[in-house]
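# Fold and geometry: a report
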Amino acid sequence: MKVIERWRLGFGDKVGNKVTNKEWVSGFIGLELHQDSKGGQRSRRGILLDDDDDARGDLHNFRGPCKTLHDYFIDLSGKRASVREEALSTILKALTLNIEQKFVELNFVTLVYQCLHFIKKGSPTEMKQAAHIIGLLSMITNTVEKVHEAYEDVLTALSQGGLKPKLKTLEILGCLTVVTFFGASNSDETESVMKLLWDLINPGTDSSIERKDSPAVLTAMISAWSFLLSTIDGWRLSHKNWQGAITYFSNIIDSNNEALCAAACEALALVFESNCLEKFSSATKDSNKELKDNIIKQLRSQLSETGNERISSQDPRTGFNSASAALDFLEDGKCANTHVTIGGQKLILSTWSQKVQLKFLKHFLGNDGFVKHMMENENFHNVFDFLPKRRNAWGNVLYVPEREEVTILFFRPMVARHNDCSLLPSVTKDKQLAKKKTMSPNSHLSKARTQLLKKQRDLSLKEREFDCFDY
């Protein structure tokens, strides 16, 4: 059988036979299948395909260069849905686990508009991935103007009649909440998104919306509402928007769904922590006291039920029990301190606002992504007032003291002397002795100073050599 030895390498390249421009295929070796005229062995134009393993191995090892994050960014404009979904998935994973700060700052605006296009007209998979990417972009960028513009664009798009039902998609709900958390410039902008969520949570007399919502969707909406409430001081809240919230959440406590009950407990704890009950209930102070007592009785009843492990279990994301912690808070009037360990360091949570924020962001990013952002994302450092320690490759913290002192004690025996002219040479000798003890290279003080400087040089060298984080 005839062996073809022609290679497709480029525009009119010539290796054995001339190849025309029409035969060029992306600069790679042609892989067009054809069969010998005599019905013989299968081959590809340019390369004979033998049935032996060596030929298949050589072809398998022929690979192009690895694609970069920028290449996937370009693929977002591709015509094939599979290519776009792969690009979105890769970018989503990169921003979650690697925090591509430079990539985000360079392509922020374009990425936001492309993702908004996918939310409006993309497939369900593209829509969910794009929504999550917008949330990641808003929490990574350090430019206030960019993230605020993203907040306005996302809110405008999702407030439209055609897209409003998509708010019940968990990924889009998380996107709007995170963008508002990092992008809203004042409490009025945050409260406008809370009002949008509240109309979905508690539609009032028209209860058809609530009946159609699954417990998971209702739980996500309440958690998003609480997450945004944790960023606003109580005295800034509107007196009209949240009337009846306490009654609504107290009714949900009796729910048989564990996550829904926990979300209601957290919302009630935040409401009472704001110390502005008159904005969440139209009742008088005495009635609010009675309402609080009723909530305490409800929580006690839920926690005391025999065999009811669904309420008494700990949340793996925060390490504390929402129902039990809310009961303790309502009874004692203060939030008990809890802590979580991140990268070997303890993060103290002393308020319900901090606990709700940590729980929501950890759910949005996943455990690995949350740890990565807590260690390297400056926005997270500001939110939780958390500063990770620098460690070397062996995990030992390089403590650099702010001040070091060396003290040398000398014993000088007392010698009785007389006031006469014979003391003059002795005074000169004392000065020389003191100079020798302090300024001589062989003195104890000079040796101690040398040791101190050497220690500081070693610390600086280790910092430069092992400038990394230990997770």
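Cut-offs used in this document
Residues numbered from 1 in each chain as written. Predicted model: local features only at pLDDT ≥ 70, side-chain atom pairs only at ≥ 80, totals over all residues. Heavy atoms only, no water. Helix = DSSP H or I, 4+ residues; strand = E, 2+ residues; numbered from the N terminus. Buried < 20%, exposed > 50% of the residue type's maximum accessible area, 1.4 Å probe, protein only. Contact = heavy atoms within 4.5 Å. Pairing = 2+ DSSP bridges. Core = buried A, V, L, I, M, F, W, Y, C linked by side-chain atoms within 4.5 Å. Phe/Tyr/Trp six-rings, centres within 6.5 Å; stacked < 30°, edge-to-face > 60°. Lys NZ or Arg CZ within 6 Å of the ring centre and 35° of its normal. Salt bridge = Lys/Arg side-chain N within 4 Å of Asp/Glu carboxyl O. Expected span 1.5 Å × (residues − 1). Bend = angle between axes of the 7 residues up to and from the residue. 1 Å grid on protein atoms, 1.4 Å probe; cavity = no way out; pocket = protein on both sides within 12 Å on 5 of 7 lines; lining within 4 Å. Points joined across faces, edges and corners; volume = space filled by probe spheres on them. Axes fitted to C-alpha atoms, helices over the stretch in contact; angles between N-to-C directions. Parallel < 35°, antiparallel > 145°, perpendicular 65-115°, else oblique. Left-handed = near helix turned anticlockwise from the far one by under 90°. Nonpolar A, V, L, I, M, F, W, Y, C, P; charged D, E, K, R; others polar.

## Regarding the overall build of the protein chain
Secondary structure assignment for the protein chain yields 19 helices and 6 strands. Looking at the protein chain as a whole, 42% of its 471 residues qualify as buried. A fraction of 65% describes how many contacts in the protein chain between residues 6 or more apart in sequence connect residues 24 or more apart.

## Digging into the pairing of strand β6 (residues 345-349)
Every second residue of β6 is oriented toward a common face, the buried set being Q345, L347 and L349 and the non-buried set K346 and I348. Of the strand pairs in this sheet, strand β5 (residues 338-342) and β6 are connected by 5 bridges, and their pairing is antiparallel. Counterpart to I342 in the pairing with β6 is Q345. Counting the residues between successive antiparallel strands, the hairpin from β5 to β6 contains 2 residues, one of them, G343, with a positive phi of roughly 60 degrees.

## Thoughts on the nonpolar core
Judged by nonpolar contacts, the single largest core of 112 residues is most densely connected at M139, W225 and F249. With 11 residues, helix α12 (residues 258-273) is the single largest residue contributor to this core. Those residues in contact with W225, other than ones at most four positions away along the chain, are M194, L197, W198, I201, W242, F249, A267, V271 and F280.

## What to know about the packing of aromatic side chains
Under the definition given, this model contains 16 aromatic pairs. Note on F181 and F182: the rings are 4.9 Å apart at their centroids and 80 degrees apart in plane angle, and the pair reads as edge-to-face. Both residues of the pair, F181 and F182, belong to the buried class. Arranged with centres 6.2 Å apart and planes meeting at 65 degrees, the rings of F370 and F380 form a pair that is edge-to-face. In this pair, F370 is assigned in helix α16 (residues 352-376) and F380 in helix α17 (residues 378-384), connecting sequence segments 10 residues apart. There is no split in this pair, since F370 and F380 are both buried. Put simply, the rings of F181, F182, F227, F360, F370, F380 and F384 pair up and form one aromatic cluster. Over the ring of Y72 we find K67, and its NZ or CZ is 4.6 Å from the ring centre. Above the plane of the ring of W352 lies K355, whose end atom (NZ or CZ) is 5.1 Å from the centre.

## Quick look at the pattern of salt bridges
Summed over all chains, the structure comprises 8 salt bridges. The shortest N-O distance in the salt bridge between E126 and R84 comes to 2.8 Å. Here R84 lies in helix α3 (residues 81-97) and E126 lies in helix α5 (residues 124-140), a separation of 42 residues in the sequence. Its salt-bridge partner being D199, residue K195 comes within 2.8 Å of it at the nearest N-O pair. In this pair, K195 and D199 are both assigned in helix α8 (residues 187-201), 4 residues apart and thus about one turn of the helix distant. Overall, K195 belongs to the partly exposed group, its relative accessible area being 28%. Assessed through its relative accessible area of 34%, D199 is described here as partly exposed.

## Thoughts on helix α4 (residues 101-121)
Between its first and last C-alpha, α4 extends 28 Å over 21 residues, near the 30 Å set by a 1.5 Å rise per residue. If you look at α4, its biggest bend is around 70 degrees, right at N107. Considered for burial, the residues of α4 that qualify are F103, V104, N107, F108, L111, V112, Q114, C115, L116, F118 and I119.

## Quick notes on empty space enclosed by the protein
By rolling a water-sized probe across the atoms, one finds the places where empty space is left. Summed over all chains, the structure comprises 1 cavity of 30 Å³ or more. Roughly 40 Å³ of internal volume is contained in the largest cavity. If you trace the largest cavity, you find it lined by F108, V109, V112, Y113, K146, E149, A150 and D153. Only α4 and α6 (144-159) provide two or more residues apiece to the lining of the largest cavity.

## Things to note about helix α7 (residues 170-183)
For α7, with 14 residues, the first-to-last C-alpha span of 19 Å sits near the 20 Å given by 1.5 Å per residue. Burial runs high along α7: 12 of the 14 residues are buried. Residues of α7 that are buried: I172, L173, G174, C175, L176, T177, V178, V179, T180, F181, F182 and G183.

## Description of the packing of helix α10 (residues 215-229) against α12
The description of two helices packed together rests on the angle between their axes and the distance between the axes. One way to put it is that α10 packs onto α12 with a least axis distance of 9 Å and a crossing angle of 20 degrees. As judged from the angle between their axes, α10 and α12 are roughly parallel. Here the hand of the crossing between α10 and α12 comes out left-handed. Here P215, L218, T219, I222, S223, W225, S226 and L229 of α10 lie close against α12, whose contacting residues are A259, L260, A263, A264, A267, L270 and V271. In terms of residue class, the contact of α10 with α12 is made up of 12 nonpolar, 3 polar and no charged.

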